[in-house]
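Residues per chain, in single letters:
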Amino acid sequence: MMMKVGYLWISIIAASLALTANGGATDYTAMYVFGDSLLDAGNNKYFIDSIAKADFLPYGIDFSGGPTGRLCNGKILVDFIAEMVGLPLLPSYADVIAKGENILFGVNYASAGAGILRDTGYLFGRVIPFEEQINNLRKTVDELRGQLHENEVSKYLANALVFVDIGTNDYLNNYLLPTYYPSSHMYNLEQFADLLISLYTKHILEIQGLGLRKFLILEASPIGCLPILIHNMKCSATLNQVVAMFNTRLKSVVHDFKSNYPGSAFTYVPSSQLFQSLFDNAEAYGFKVKDKACCGGSAGSKGTKPVNTVPCLNRNEYLFWDFAHPTEAGNRILAALIHNATSF
Ligand SMILES: *[C@@H]1O[C@H](CO)[C@@H](O)[C@H](O)[C@H]1NC(C)=O
């Protein structure tokens with residue numbers, strides 16, 4: 001298993017203010033997004049030396065305005081989630097427009113290739129690890145203090161939604177690449193999951209320390225279901241079990257958060273299970289192809305470059321857009337499944 005994954009470069013690499021852009025009421029004042037390529041809406045594109053970015057066609061082919069950095073043909077998961085809670089599309093932290101009133105509905109800090117560990121994804125050149133994403137949130141909060149009254153800020157933050165989906169790359173672009181990363185030589189899988197969870201816990205509490213109170217915490221993705229690892233229409237159970245070690249611990253940590261911090265709302269999202277069920281029932285959801293990506297993609301794909309620069313035409317019938325990321329159609333269903341499972 002290690003050999004098989006070892007040579008792959010996979011990027012998994014995502015009050016009065018409670019009014020939407022179109023004037024309707026929202027459930028949350030704002031949304032702050034932390035994660036990897038499933039949620040990155042354009043942070044990495046500003047790094048000249050990063051290869052984990054997607055600011056070129058065919059990425060964004062179905063997105064109004066074209067390529068943005070989203071690793072998808074159109075909308076990504078957080079775009080649908082924002083829509084569901086009545087918020088507009090969020091600016092990426094690195095966007096030049098991400099200041100002033102443009103950040104009042106939230107900010108996306110996610111970075112393709114990033115993980116919980118600082119060195120995760122370093123082969124991509126430059127990514128923004130979880131810790132640095134939180135440092136960026138700190139700067140946003142400082143800026144909000146300059147824009148709102150002090151007593152408004154705490155109320156505003158307490159009613160904002162925090163959306164976190166990170167950890168997949170700590171496996172795909174760290175532990176499972178033993179030639180480049182020391183982690184698998186230093187820890188067994190149990191110890192590694194413990195290490196990730198202790199850092200994750202610390203980081204969630206840092207976000208909470210800044211005044212945020214409502215959390216949606218997603219499981220790491222089922223890496224065995226990536227098109228390059230699927231065999232005979234089945235996900236690799238072995239690889240999914242590796243990530244499950246992290247997810248089991250995450251679930252119990254979120255459970256502990258709930259009892260230790262009664263003033264906050266922590267919701268555990270079984271996103272890995274939901275994706276697995278989407279995969280297993282793909283036909284019922286209208287997908288004709290689930291074992292191949294719309295843009296191609298096979299073992300040996302480098303960085304985020306799609307194999308075929310001309311994507312498939314029937315993009316709504318493919319579950320996967322490129323070798324690691326769902327299509328807009330896939331993301332839409334996943335968002336609905338998450339909403340149904342958690343009613344956040
Ligand atoms: C979510 O729940 C609604 C109401 O039960 C249902 O109609 C819909 O099909 C569900 N969505 C998905 C994607 O399963």
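Let us look at the structure shown here.

**Describing the sheet that holds strand 3 (residues 161–165)**
- Taking strand neighbours across the sheet as the criterion, the 5 strands line up as 2-1-3-4-5 in an open arrangement whose pairing is parallel. The open sheet is flanked by strand 2 (106–108) and strand 5 (265–269), the only strands paired with a single partner. Taking each pair of neighbouring strands and ignoring which way they run, the sheet shows an average axis angle of 15°.
- Bridge count for strand 1 (residues 31–35) against strand 3 is 5 bridges, and the pairing is parallel. Paired with Tyr32 across the bridge in strand 3 is Val162.
- Packed onto the sheet, helix 2 (residues 77–84) meets strand 1, strand 2, strand 3 and strand 4 (214–218) and runs at close to 160° relative to strand 1.

**Details of the pairing of strand 5**
- Relative to strand 5, strand 4 is paired through 5 bridges, and the arrangement is parallel. Bridge pairing in strand 5 places Lys214 opposite Ala265.
- Between the parallel elements strand 4 and strand 5, the chain passes through helix 8 (residues 237–260) in a crossover that is right-handed.

**Concerning the packing of helix 2 against helix 10 (residues 328–342)**
- Interaxial distance between helix 2 and helix 10 falls to 8 Å at its minimum, and their mutual angle equals 45°. Classed by the angle they form, the pair helix 2 and helix 10 counts as oblique. In this structure, helix 2 meets helix 10 at a crossing whose hand is right-handed. Counted together, Leu77, Phe80, Ile81 and Met84 of helix 2 and Glu328, Asn331, Arg332, Leu334, Ala335, Ala336, Ile338 and His339 of helix 10 form the full contact between these two elements.

**Side note on the layout of surface pockets**
- In this model, the largest pocket occupies a volume close to 210 Å³.
- Around the largest pocket, the lining comprises 14 residues; the ones closest to its centre are Leu89, Leu90, Pro91, Asp95 and Ile97.
- When the residues that make up the lining of the largest pocket are grouped by side-chain class, the tally is 7 nonpolar, 3 polar and 4 charged.

**Some words on a nonpolar patch on the surface**
- On the surface, Tyr46, Val96 and Ile97 cluster together to form a nonpolar patch covering roughly 300 Å² of accessible area.
- Along the chain, Val96 turns up in the loop between helix 2 and strand 2.
- Overall, the relative accessible area of 63% leaves Val96 in the exposed class.

**A short note on empty space enclosed by the protein**
- Here the largest cavity is characterised by a volume of approximately 200 Å³.
- Around the largest cavity, the lining comprises 20 residues; the ones closest to its centre are Leu38, Ser221, Pro222, Phe275 and Leu334.
- Listing elements by their share of the lining of the largest cavity, those giving two or more residues are helix 9 (271–280) and helix 10.
- Of the residues belonging to the lining of the largest cavity, the class tally is 14 nonpolar, 4 polar and 2 charged.
- Its boundaries defined by the atoms lining it, the second largest cavity holds a volume of some 50 Å³.

About the cut-offs
Residues numbered from 1 in each chain as written. Predicted model: local features only at pLDDT ≥ 70, side-chain atom pairs only at ≥ 80, totals over all residues. Heavy atoms only, no water. Pairing = 2+ DSSP bridges. Helix = DSSP H or I, 4+ residues; strand = E, 2+ residues; numbered from the N terminus. Axes fitted to C-alpha atoms, helices over the stretch in contact; angles between N-to-C directions. Contact = heavy atoms within 4.5 Å. Right-handed = clockwise from strand over helix to strand, strands pointing away. Parallel < 35°, antiparallel > 145°, perpendicular 65-115°, else oblique. Left-handed = near helix turned anticlockwise from the far one by under 90°. 1 Å grid on protein atoms, 1.4 Å probe; cavity = no way out; pocket = protein on both sides within 12 Å on 5 of 7 lines; lining within 4 Å. Points joined across faces, edges and corners; volume = space filled by probe spheres on them. Nonpolar A, V, L, I, M, F, W, Y, C, P; charged D, E, K, R; others polar. Patch = residues over 30% accessible without salt bridge, like charges linked within 9 Å, V, L, I, M, F, W, Y side chains within 5 Å. Areas by Shrake-Rupley, 256 points an atom, 1.4 Å probe, with all protein chains shown as cover. Salt bridge = Lys/Arg side-chain N within 4 Å of Asp/Glu carboxyl O. Buried < 20%, exposed > 50% of the residue type's maximum accessible area, 1.4 Å probe, protein only.

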